[in-house]
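# Notes for the structure review
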Amino acid sequence: MKRRCWLLAAGGMTLLVGCATTPRPDTIQPALGRHNHWQGRFALRVDDGQDQAFYAPFELHGNMQEAWLRLYSPIGTVLAELRWGPGGAQLNRDGRIELYDSPESMSEALLGTRIPFAAWFDWLDGIPTEAPGWAVDLADYPMGRLHAVRTDPQPSVDLRIILEDARSS
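None of these values were measured; they are calculated from a predicted model.

Each value, and the rule that gives it
Residues numbered from 1 in each chain as written. Predicted model: local features only at pLDDT ≥ 70, side-chain atom pairs only at ≥ 80, totals over all residues. Heavy atoms only, no water. Buried < 20%, exposed > 50% of the residue type's maximum accessible area, 1.4 Å probe, protein only. Helix = DSSP H or I, 4+ residues; strand = E, 2+ residues; numbered from the N terminus. Core = buried A, V, L, I, M, F, W, Y, C linked by side-chain atoms within 4.5 Å. Pairing = 2+ DSSP bridges. Axes fitted to C-alpha atoms, helices over the stretch in contact; angles between N-to-C directions. Contact = heavy atoms within 4.5 Å. Phe/Tyr/Trp six-rings, centres within 6.5 Å; stacked < 30°, edge-to-face > 60°. Lys NZ or Arg CZ within 6 Å of the ring centre and 35° of its normal. pLDDT = per-residue confidence, 0-100.

## Concerning helix H3 (residues 117-124)
- Of all eight residues making up H3, seven are buried, and the element is well covered by its neighbours.
- Turning to H3, its buried residues are Phe117, Ala119, Trp120, Phe121, Asp122, Trp123 and Leu124.
- Among the residues trailing H3, glycine 126 stands out with phi positive, at a value near 80°.

## What to know about the nonpolar core
- The biggest cluster of nonpolar side chains holds 35 residues, and the ones touching the most others in it are Leu60, Trp84 and Trp120.
- Among the elements that line this core, the one with the most residues is H3, at six residues.

## Thoughts on the sheet that holds strand E6 (residues 96-100)
- The strand order E6-E5-E4-E3-E2-E1-E9-E8-E7 describes an open sheet built from nine strands, whose pairing is antiparallel. Each edge of the open sheet carries a strand with a single partner, namely E6 and strand E7 (134-137). Neighbouring strand axes in the sheet, compared pairwise and without regard to direction, differ in orientation by 20° on average.
- Looking at chain direction, strand E8 (residues 145-150) and strand E9 (residues 156-163) are connected through six bridges and run antiparallel. Looking across to E9, one finds that leucine 146 is bridged to isoleucine 161.
- Its contacts with the sheet put helix H2 (residues 103-111) on strand E1 (37-47), strand E2 (52-62), strand E3 (67-72), strand E4 (78-85), strand E5 (88-93) and E6, and the angle it makes with E5 is roughly 25°.
- Relative to the sheet, H3 contacts E1, E2, E3, E4, E7, E8 and E9, its axis offset from that of E9 by approximately 35°.

## Description of the packing of aromatic side chains
- Applying the stated criterion to the full structure yields eight aromatic pairs.
- Between the aromatic rings of phenylalanine 58 and tryptophan 120, the centroid separation amounts to 6.1 Å while the plane-to-plane angle is 40°, which identifies the pairing as tilted. Of this pair, phenylalanine 58 sits in strand E2 while tryptophan 120 sits in helix H3; the two residues are 62 residues apart in sequence, bridging distant segments of the chain.
- Relative accessible area serves as the criterion here: at 3%, tryptophan 120 is assigned to the buried category.
- Ring geometry for tryptophan 84 versus phenylalanine 121: centroids 6.3 Å apart, planes at 75°, classification edge-to-face. Placement of tryptophan 84 in strand E4 and of phenylalanine 121 in helix H3 is noted, with a sequence separation of 37 residues between them.
- Among the aromatic residues, those joined into a cluster by ring pairs are Trp38, Phe42, Phe54, Phe58, Trp84, Phe117, Trp120 and Phe121.
- One residue, arginine 70, lies across the ring of tryptophan 68, its end atom 3.9 Å from the ring centre.

## Re the confidence of the model for the protein
- Predicted confidence across the protein gives a mean pLDDT of 81, with 77% of residues reaching 70 or more.
- The low-confidence segment residues 1-33 (pLDDT under 50) makes 17 contacts with residues lying over four places distant or belonging to another chain.

## With respect to H2
- Of all nine residues in H2, seven are buried; the element is thus mostly enclosed.
- Buried within H2 we find Pro103, Glu104, Ser105, Met106, Ser107, Leu110 and Leu111.
- Glycine 112 lies just past H2 and shows a positive phi near 90°.

## Looking at unusual backbone geometry
- Across the junction of aspartate 152 and proline 153, the peptide omega takes the value 5°, indicating a cis bond.
- Inspection of the secondary structure puts proline 153 in the loop between E8 and E9.
- The omega torsion of the bond from glutamine 154 to proline 155 falls at 5°, within 30 degrees of zero and hence cis.
- Positioned with a positive phi, aspartate 94 is a non-glycine residue whose angle comes to about 55°.
- With respect to the helices and strands, aspartate 94 occurs in the loop between E5 and E6.

Shown next as structure tokens:
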């Protein structure tokens, strides 16, 4: 009898612990008919007179509501991991966690400019969604390339993305 109660209690605790954990990034579901995983390389240049440029291989998993984005060095180490969901956004770099109210404010802290993530997910799917101040060129999307430029507000921003074959997941 004691053994049965012990097994029942252990099973109940396991169930409670499983319910209390946050979902793993690989369990995030895509919007209907959309991708939820991309990888490739991106280059970002901010023309603010300081020649700010950022280049990184990346892996993105999720959707606008809940996602993670990992940026890698050329040798494959993780430079930063950005995560966001209904409760806000967090940036993990150099072992430090920084909290933000949105993925856009987090991208501004990391890259020096706000990335329009709502449009970015569409761009990665080849959909030319408008974003204020941005113009996207998807002419080379069938070859896995996209180019977006922000002209307003200043400074101007040039974003180039090359997708790898994993976008079909």
